Amino acid sequence: MAYELRFAGQVAQVLKLLETDPGQTKLTKVRRALSRLEENPRHPGLHSHVYENFPGAPKAKVWDSYVENRTPSAWRIFWQYGPDELRDGEPVKIITVLAISPHPGTGCLAHRHRS
């Protein structure tokens with residue numbers, strides 16, 4: 001079942017900023033990753049995995065999916081499931097995108113995965 005994406009915080013601003021990139025290569029990659037996330041959060045190309053200690057939500061189950069890999073400062077999408085909705089009596093599965101940014105390094109968001 002496909003999901004509907006919701007953007008939290010400054011995600012919309014990041015997307016607008018990426019639209020100003022002359023080549024828009026990063027925007028193309030982000031859109032492709034968001035499309036995959038919408039269709040199947042477990043798509044193999046996303047390499048989705050649980051991310052620990054997301055700023056502002058240290059106890060929440062936040063996921064980290066790849067926009068790029070094997071690239072300096074590779075971009076990631078940070079997201080969580082829900083909150084799901086009822087629309088016309090039908091359930092709608094929601095994914096809330098919390099952030100889209102370069103891969104956090106040490107000292108930024110501590111990159112640790114749950115085992």
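Further up the page is the structure itself.
Residues numbered from 1 in each chain as written. Predicted model: local features only at pLDDT ≥ 70, side-chain atom pairs only at ≥ 80, totals over all residues. Heavy atoms only, no water.

A. Inspection of the sheet that holds strand 1 (residues 4-7) at higher detail. If you trace the 5 strands from one edge of the open sheet to the other, you get 1-7-4-3-2, paired in mixed fashion. In this open sheet, the two strands that pair with only one neighbour each are strand 1 and strand 2 (49-51). Looking at each pair of strands side by side, their axes are set apart by 40 degrees on average, direction ignored. Of the pairings in the sheet, the one linking strand 3 (residues 62-66) to strand 4 (residues 75-81) comprises 4 bridges and is antiparallel in character. Residue pairing across strands places W63 opposite W79, the latter belonging to strand 4. Sheet strands touched by helix 1 (residues 11-19): strand 1, strand 4 and strand 7 (94-102). Its angle to strand 7, the strand with the most contacts, is close to 50 degrees. Against the sheet, helix 2 (residues 25-39) contacts strand 1, strand 3, strand 4 and strand 7, and its axis sits at roughly 25 degrees relative to strand 4. (Pairing = 2+ DSSP bridges. Helix = DSSP H or I, 4+ residues; strand = E, 2+ residues; numbered from the N terminus. Axes fitted to C-alpha atoms, helices over the stretch in contact; angles between N-to-C directions. Contact = heavy atoms within 4.5 Å.)

B. Spotlight on unusual backbone geometry. With an omega of 0 degrees, the peptide bond running from G82 to P83 counts as cis. Within the secondary structure, P83 sits in the loop between strand 4 and strand 5 (85-87).

C. Spatial organisation of the nonpolar core. Core analysis: the biggest nonpolar cluster contains 20 residues, and L15, V30, L34, L37, I77, V97 and I100 have the highest contact counts within it. Sorting the residues of this core by element identifies helix 1, helix 2, strand 4 and strand 7 as the ones contributing at least two each. In terms of residue count, helix 2 provides more of this core than any other element does, 5 residues in total. Listed in part, the 6 residues of the second largest apolar core include Y51, V62, F78 and L98. (Core = buried A, V, L, I, M, F, W, Y, C linked by side-chain atoms within 4.5 Å. Buried < 20%, exposed > 50% of the residue type's maximum accessible area, 1.4 Å probe, protein only.)

D. Representation of helix 2 within the structure. Taking 1.5 Å as the rise per residue, helix 2 with 15 residues should run 21 Å; its terminal C-alpha atoms sit 21 Å apart, in good agreement. Three or more residues of helix 2 are buried, namely L27, V30, A33, L34 and L37. Seen from one end, helix 2 has its buried residues packed into an arc of 130 degrees, which puts them on one side. Exposed side chains of helix 2 directed beyond 90 degrees from the buried face belong to T25 and E39. (Expected span 1.5 Å × (residues − 1). Arc of directions from axis to C-beta.)

E. View of the side chain of S65. Mapped onto the secondary structure, S65 falls in strand 3. Among the polar contacts listed, one links the side chain of S65 to the side chain of S48, at a separation of 2.5 Å. Residues within four places of S65 in sequence aside, it is in contact with L37, L46, S48, R76, I77 and W79. (Polar contact = N/O pair within 3.5 Å; in protein donor to acceptor, adjacent residues only side chain to side chain.)

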